[in-house]
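# Observations on chain architecture
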Amino acid sequence: MSGPSSRRRAAALTMPALLAVLALVVTMVRVPAGMLPAAASTLTVAQAISAQSGTGTVHGYVVGQPTATTTVLFSAFTGDTAIAIADSSSETDPGDMLYVQVTSAYRTTFGLRSNPGLMRDPITVTGALTAYFTHPGLKSPSAMTLGGSTPTPTPTGSTGSYYAAAAGKSGESLKNALHVIISSGVTTLSYDAVWNALKATDQDPANSANVILLYSGTSRSKSLNGGDAGDWNREHVWAKSHGDFGTAAGPGTDLHHLRPEDVRVNSTRDNKDFDNGGAAVSDAPGNRTDADSWEPRAAVKGDVARMIFYMAVRYEGGDAWPDLEVDDATGSGTAPRLGRLSALRQWNQQDPPDAFEKRRNELIYSSYQRNRNPFIDHPEWATSIFG
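Since the model is a prediction, treat every value here as computed from it, not as a measurement.

Attention shifts here to the packing of helix α7 (residues 301-314) against helix α8 (residues 341-350). Closest axis-to-axis distance for the α7/α8 pair is 7 Å, and the angle between their directions is 120 degrees. Comparing their axes, α8 and α7 come out oblique. Considering only the axes of α7 and α8, their crossing is left-handed. Along the contact surface, α7 presents Lys301, Gly302, Val304, Ala305, Arg306, Ile308 and Phe309, while α8 presents Leu341, Leu344, Arg345, Trp347 and Asn348. In terms of residue class, the contact of α7 with α8 is made up of seven nonpolar, two polar and three charged.

Rendered as structure tokens:
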């Protein structure tokens, strides 16, 4: 029998079925209603590494399973509780990866032990941007989906908007172009303001209450800033006496070369140039010093070199500050020169920028001075300019 009343009963029965199908679709996608962010708010992995606070949505590629701070498995996966993502599907450097916690709701679909075929697939995740395995990470995900559009990264490429004027240049022409770029629209800090800025730029990724000391490499409470034994103070990596610029706003307060350091170690480094060799520094293992030079620990040799290169390009003598230059000598005294160039070039190549250095550069640009250290974004430019 197929009269009008039968057709109405059939139509009425289809509504619950339709709702069930829709609910199943939502469950399979695993994205709660309203959780998908606008595309414009999506971060690259590099941006997420640099912005470890609050909630964010990140797009990248699945590149492995993290098992420790600097250890990532690329095959023979042992668990489903974490994945590493990167901006490149072929990335192998943990320093350029974001460690993503995979909670129980997502392990069946996104755990690598259960789904090894996810390797190199694009993924978009939303969650808390915070350290995981004491490494830049994303925890407590509220959404995980395969695919997603790649966001526009911070313009650090040689053809990006920030460095557009430097595209295609080399040598002195590149140096001149970069000087204009990193000297334009800069916000200058007071020396007092540097204290709080360093507490953010040099924050310990594993302990937000501490900062990492440059030469010592130790983690120390942010509250212990000052001038007494056991405190940390503001180290001028380009010694302020090399050019006699003091602590006035300008090179004396430029965050790109100011770092936290133990008071005693800072005093031991004094105003020495940088070079290889010397006696071990008892208060800062891995560092060496002699009468006129300082060799930093291996993990920050490149950081030091890139800070010095930045200063030599940023301050060219045309804005009431001295013309800072890098030379291949030590012991230049109060002259606006710092060395040794050959050692700095070597350190730049031996110790490429890591996640901490990149995050620091990004934070100085976005929250403080509005300029970047180009040698962190492009370490190869140091070779082009300084030989």
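In this structure, Phe274 and Phe386 are the most contacted members of the largest nonpolar core, which totals 42 residues. Residue assignment for this core shows that the elements contributing at least two residues are α4 (171-183), α7, α8 and α11 (380-386). Among the elements that take part in this core, α7 stands out by supplying nine residues, more than any other. With 22 residues, the next largest nonpolar core counts Val45, Ile83, Leu112 and Ile123 among its residues.

This paragraph deals with the environment of His378. Within the fold, His378 resides in the loop between α10 (374-377) and α11. Each C-alpha atom of the pair His378 and Arg306 lies 9.9 Å from the other, and the pair is 72 residues apart in sequence.

Before going further, it helps to examine the pairing of strand β10 (residues 232-236). Within β10, five of the five residues are buried, which leaves it mostly tucked inside the rest of the structure. In this sheet, strand β11 (residues 258-262) lies alongside β10 in antiparallel orientation, the contact comprising five bridges. By the bridge assignment for β11, Asn233 is matched with Glu261.

Another point: unusual backbone geometry. The peptide bond linking Gly339 to Arg340 adopts the cis configuration, its omega dihedral lying at 0 degrees. Along the polypeptide, Arg340 turns up in the loop between β17 (337-338) and α8.

Here the focus is the sheet that holds strand β9 (residues 219-221). Picture the strands of a sheet paired through backbone hydrogen bonds; they go either parallel or antiparallel. Taken in spatial order, the three strands line up as β7-β8-β9 in an open sheet, and their pairing is antiparallel. Both edges of this open sheet fall to β7 (203-204) and β9, since each of them pairs with a single strand only. As judged from the two bridges shared by β7 and strand β8 (residues 207-212), these two strands associate in the antiparallel manner. Note that in β8 the partner of Gln203 across the bridge is Val211.

Rules used in this analysis
Residues numbered from 1 in each chain as written. Predicted model: local features only at pLDDT ≥ 70, side-chain atom pairs only at ≥ 80, totals over all residues. Heavy atoms only, no water. Axes fitted to C-alpha atoms, helices over the stretch in contact; angles between N-to-C directions. Helix = DSSP H or I, 4+ residues; strand = E, 2+ residues; numbered from the N terminus. Parallel < 35°, antiparallel > 145°, perpendicular 65-115°, else oblique. Left-handed = near helix turned anticlockwise from the far one by under 90°. Contact = heavy atoms within 4.5 Å. Nonpolar A, V, L, I, M, F, W, Y, C, P; charged D, E, K, R; others polar. Core = buried A, V, L, I, M, F, W, Y, C linked by side-chain atoms within 4.5 Å. Buried < 20%, exposed > 50% of the residue type's maximum accessible area, 1.4 Å probe, protein only. Pairing = 2+ DSSP bridges.

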